[in-house]
Each structure stands twice: as C-alpha cells, then as structure tokens.
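# Results of the structural survey
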Amino acid sequence: PEHGYTFQSWTSSTGSESLLTSINSKISDFKVAGDASYTANFSENKYRLTVTNSQGGASVTPAIPSYYNFTDLVPINAVPLEGYKFVKWQDENGALANFTESNTTAIMANNLQDVVVEAQFTPMEYGVAISSTSGGQATVSTATGPNDGWEHFETYSLIASPNPGYRFREWSGSDFSLNSLTNSRTDPDNELAITGAVDLTANFELIDYNVTVLLATEGGTVNGSGVFTIDDNPQAQAIANTGWHFTHWSGDVFALNSNSTLTTSINLSQFPQNL
C-alpha cells in the first residue's frame with residue numbers, strides 16, 4: 001500500500017479467487033489453472049480528529065470527535081470567551097497548517113495516527129492611562145499580564161494623593177473608564193476592575209482656609225483675617241497702642257513662622273488636607 005492506505009483484499013475479474021492461498025493477505029500464492037486476472041484493493045486510512053478547548057474557550061469546530069480520511073483537509077476553528085483571546089493550538093504531532101491561527105486546517109495526511117489538538121487562550125490585556133491635574137499625583141498598581149498589560153478580570157488599586165494645600169475632588173474620564181471604578185468617582189482610594197482600556201484623570205482643587213486673627217486682650221489691634229489658599233501668603237499683624245507692647249501669639253501657633261513677632265506669616269501647609 002501507498003502511504004496512508006491499507007490493503008483490503010484481492011479480487012478477480014476472471015473468478016480466480018479460489019486459486020489464491022488467501023484473498024486477504026498482501027502476499028498470496030496462486031495455482032496456475034488457466035488465464036487469471038487479479039486486482040489488489042486498498043482503502044484510505046481513517047483517523048480520529050479531536051478538537052478541545054482550554055480555559056477561556058467558548059467553542060471549537062468540529063465540536064464532536066470524528067473520523068476523517070487520510071487525504072482530508074478539515075477546517076477547524078476556536079472561539080474565545082469574553083475577556084479572553086486565542087493564543088495558539090497545542091499540536092504535538094504537527095497536524096495543523098498554522099498553529100498560531102484560530103481558523104486553520106487539520107491536514108490528516110501529516111499523521112499516521114489519531115489527531116488531538118487543543119485551543120489555548122489567555123486573558124485580554126489593555127492599556128491603562130492615569131493622569132492628574134496640578135495639586136497631586138495618581139498611581140495604579142503594576143500590570144501583571146504576560147505582556148506588561150492590565151488583564152481582563154483583574155482588579156488593581158488606584159490611589160489619588162493630594163499635595164499640601166490641595167484635596168482630591170473626583171476622577172474624570174469616559175463613562176466606560178468611570179464604570180471601571182469599584183468605588184465612587186469621589187473616592188481617592190479606589191480600585192479598577194479591568195474589562196477594557198481605561199483613561200482616567202485625578203482632579204484636585206485648592207483648599208480654602210478661613211483664617212481668623214483675634215485680639216486676645218486690650219492694648220492694640222490686629223488684622224490678617226480672611227479666606228486663603230496655599231498659593232497665598234497670609235500674615236497675622238498686631239499693632240500695639242501707645243503705652244502697650246506686644247508679647248506673643250496664641251492659638252494655632254504651629255502654623256506661624258514666629259509667635260513672638262508683631263507680623264508673622266501663616267504657613268497653611270501645616271493644616272490638615274481634608275479641611
């Protein structure tokens with residue numbers, strides 16, 4: 001037999017089968033008793049093709065293991081589940097025309113045996129872009145995908161950290177990106193549940209500080225009260241009346257450059273950022 005075929009039997013157009021020692025043996029003797037004609041009959045080999053899925057696969061074609069002829073070219077296909085992508089076929093015997101394509105062909109002639117191939121998948125990976133306005137920084141935990149991407153189904157920590165004198169206002173971005181947040185858009189300590197590419201901006205705003213400068217005792221006047229931000233340079237000023245002298249400032253003196261001078265700067269960055 002040729003490659004991929006199997007001998008089946010001898011037949012005779014002259015009815016001479018009985019002269020053979022065996023009609024089923026590839027090598028058979030025959031007795032001469034007149035003219036005789038013999039034909040060797042072969043059949044094409046059949047092999048079982050099994051196409052399976054690994055984790056992340058939705059379906060494969062053909063879905064049911066079946067037998068195919070040696071010369072058959074069998075189209076096969078793999079479809080991933082949502083959030084996964086096709087990687088390659090596990091094809092130990094080299095039966096496929098292209099093991100890196102989800103749509104390919106099983107060449108049954110490449111093997112003299114049953115063929116088993118498995119579709120392999122991996123979670124999708126996406127880009128995550130996190131930026132911030134002036135007044136703070138935003139960070140997201142490191143990507144864990146094989147290609148340094150953020151993987152579908154994974155959750156990553158997302159933190160917005162304001163600078164002194166600022167507070168976090170909210171996250172902004174597309175509806176899809178905002179829906180990727182597991183907490184409220186106003187929560188600076190958040191998480192990203194990845195199902196696609198994300199582009200978010202952390203927005204910060206200046207804190208308004210109400211500064212009140214009071215006169216604790218008689219003997220003078222003061223000024224410096226008002227509403228200020230970190231960008232301002234507020235000062236507290238005491239003016240002593242004739243016959244009086246200034247002694248010191250009291251109150252939130254931790255924010256003063258000096259509590260013993262008539263005029264002193266107020267360092268607003270010393271106050272809590274969540275005012």
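Further up the page is the structure itself.
Just so we're clear, the structure is a prediction, and the values are computed from it rather than from any experiment. (Residues numbered from 1 in each chain as written. Predicted model: local features only at pLDDT ≥ 70, side-chain atom pairs only at ≥ 80, totals over all residues. Heavy atoms only, no water.)

Glancing now at unusual backbone geometry. Of note, the bond from Thr61 into Pro62 is cis; its omega dihedral lies within 30 degrees of zero at -5°. The topology assignment puts Pro62 in the loop between strand 4 (57-61) and strand 5 (66-69). Within the chain, Asp148 stands out as a residue other than glycine whose phi angle is a positive 60°. Its relative accessible area of 64% is what places Asp148 among the exposed residues. Here the phi dihedral of Phe153 falls at roughly 80°; this positive angle occurs in a residue that is not glycine. (Helix = DSSP H or I, 4+ residues; strand = E, 2+ residues; numbered from the N terminus. Buried < 20%, exposed > 50% of the residue type's maximum accessible area, 1.4 Å probe, protein only.)

This paragraph deals with the sheet that holds strand 15 (residues 166-173). Here we have three strands laid out as an open sheet, ordered 11-17-15, and mixed in their pairing. Looking along the sheet, the strands with just one partner apiece sit at the ends: strand 11 (128-132) and strand 15. On average, adjacent strands in this sheet sit at an angle of 20° to one another, irrespective of strand direction. In this structure, strand 11 lies alongside strand 17 (residues 198-206), joined through five bridges in parallel fashion. Across the sheet, the residue bridging to Ser132 is Ala202, located in strand 17. (Pairing = 2+ DSSP bridges. Axes fitted to C-alpha atoms, helices over the stretch in contact; angles between N-to-C directions.)

Among the secondary structure elements, Asn203 is positioned in strand 17. Residue Asn203 is classed as buried on the basis of its relative accessible area of 10%. When sequence neighbours within four positions are dropped, the list of residues in contact with Asn203 reads Thr133, Arg167, Phe168, Arg169, Glu170, Trp171 and Ser172. (Contact = heavy atoms within 4.5 Å.)

Leu49, Ile76, Trp89 and Met108 are the most contacted members of the largest nonpolar core, which totals 20 residues. Elements with a minimum of two residues in this core: strand 3 (46-53), strand 6 (73-80), strand 7 (84-90) and strand 9 (115-123). Ranked by residues supplied to this core, first place goes to strand 9 with four residues. Not counting chain neighbours up to four residues away, the residues in contact with Met108 comprise Tyr47, Leu49, Tyr68, Asn69, Phe70, Asp72, Val74 and Val115. Membership of the second largest hydrophobic core comes to 19 residues, among which are Tyr126, Ala138, Tyr166 and Phe204. (Core = buried A, V, L, I, M, F, W, Y, C linked by side-chain atoms within 4.5 Å.)

Here we come to the sheet that holds strand 4. Strands belonging to one sheet form pairs held by backbone hydrogen bonds; the direction of such a pair is parallel or antiparallel. Read from one edge to the other, the open sheet built from three strands follows the order 4-6-8, with strand pairing classed as antiparallel. Two strands in the sheet have a free side with no partner beyond their single neighbour: strand 4 and strand 8 (103-107). Each strand axis lies, on average, 25° off the axis of its neighbour in the sheet, ignoring direction. Strand direction decides the pairing type here: strand 6 and strand 8, joined by five bridges, are antiparallel. Counted as the bridge partner of Ile76 is Thr104 from strand 8.

Under the defined criterion, the tally for this structure stands at 13 aromatic pairs. For the pair Phe7 and Trp10, a centre-to-centre distance of 5.5 Å together with 55° between the ring planes defines the contact as tilted. Owing to a relative accessible area of 10%, Phe7 belongs among the buried residues under this scheme. Ring centres of Phe30 and Tyr38 lie 5.5 Å apart, and the angle between their planes is 50°; this geometry places the pair in the tilted category. For Phe30, a relative accessible area of 47% translates into the label partly exposed. Residue Tyr38 is classed as partly exposed on the basis of its relative accessible area, which comes to 22%. A network of ring pairs unites the aromatic residues Phe7, Trp10 and Phe42 as a single cluster. (Phe/Tyr/Trp six-rings, centres within 6.5 Å; stacked < 30°, edge-to-face > 60°.)

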